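Listed here are the chains, written in short residue letters.
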Amino acid sequence: QDREAGIINAYIQRGADYADSYYEASKTYGVPADLLIRQGGAESMWRHEYVSGKRGSKAGAVGVAQLLKETATDMGLVVNSKIDERTDPHKSIMAQAKYMKWLYKQTGDWKSAVAAYNLGIGNWKDFKAGKRGLPKETIEYSDVITGGYE
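Residues numbered from 1 in each chain as written. Predicted model: local features only at pLDDT ≥ 70, side-chain atom pairs only at ≥ 80, totals over all residues. Heavy atoms only, no water.

This brings us to the overall build of the chain. Within the chain one finds nine helices and zero strands. When the helices and strands of the chain are read in sequence order from the N terminus, they spell out α-α-α-α-α-α-α-α-α. Relative to the compact-globule value of 15 Å for 150 residues, the chain shows a C-alpha radius of gyration of 14 Å, a close match. Projecting the C-alpha coordinates of the chain onto the three principal axes gives extents of approximately 40 × 35 × 30 Å. Within the span of the chain, comprising 150 residues, buried residues form 42% of the whole. Taking as baseline every contact in the chain between residues at least 6 positions apart, the subset at least 24 positions apart corresponds to 51%. Charge centroids of the chain, computed over 21 positive and 19 negative side chains, lie 4 Å from each other. (Helix = DSSP H or I, 4+ residues; strand = E, 2+ residues; numbered from the N terminus. Rg over C-alpha atoms; globule rule 2.2 N^0.38 Å. Buried < 20%, exposed > 50% of the residue type's maximum accessible area, 1.4 Å probe, protein only. Contact = heavy atoms within 4.5 Å. Lys, Arg positive; Asp, Glu negative; His and termini not counted. Charge placed at Lys NZ, Arg CZ, Asp CG, Glu CD.)

Laid out in structure tokens, this is it:
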């Protein structure tokens, strides 16, 4: 419990450079700001190489919110051979919040929305239908980010 609190506090402190964007995204899309901040910390740790797109995930996720190309474009970002708006922290955070709002509508609660963000909505639906289990990584990710949210 204390370790998780320390991790969350470190995420919040390191994400201070993006605080205005997180609060704007929260206000615009109705997603709790602290949830977005925790998620940003878990996704990119606000490290330059991830935020800038110099380094991405194995799946191809890029930016502060580590969005996949398809998700980013679904949320209104431009991603092509010349422009990748996932590397714009403000636009990435706004897309993160828009996606979280959509996931919340799909899943009905924040903990499930966060799990679906990590796992993918199709895999989350398979889990809910009893077709698969939740990976340990997704459970831990969701628990750290959601804290007391349901």
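What follows continues from the structure just given.
Here the largest pocket is characterised by a volume of approximately 830 Å³. Lining the largest pocket are 26 residues, with E43, A61, Q66, Y117 and N118 positioned closest to its centre. Listing elements by their share of the lining of the largest pocket, those giving two or more residues are α3 (33-44), α5 (69-74), α6 (89-107), α7 (110-119) and α9 (136-146). (1 Å grid on protein atoms, 1.4 Å probe; cavity = no way out; pocket = protein on both sides within 12 Å on 5 of 7 lines; lining within 4 Å. Points joined across faces, edges and corners; volume = space filled by probe spheres on them.)

Attention shifts here to the nonpolar core. Counting 33 residues, the largest nonpolar core has Y22, M100, L103 and Y117 as the members making the most contacts within it. Taken together, the elements giving at least two residues each to this core come down to α2 (19-29), α3, α6, α7, α8 (121-128) and α9. In this view, Y22 contacts G15, A33, L36, I37, G40, W46, V64, I93 and Q96; residues no more than four positions away in its chain are not counted. (Core = buried A, V, L, I, M, F, W, Y, C linked by side-chain atoms within 4.5 Å.)

Turning our attention to α3. Taking 1.5 Å per residue as the helical rise, α3 with its 12 residues ought to reach 16 Å, and the 16 Å between its terminal C-alpha atoms agrees with that figure. Counting buried residues in α3 gives 10 out of 12 residues, a clear majority hidden from the surface. If you check which residues of α3 are buried, you get A33, L35, L36, I37, R38, Q39, G40, G41, E43 and S44. Where α3 ends, the next residue or the one after it, M45, has phi of about 55°, a positive value. (Expected span 1.5 Å × (residues − 1).)

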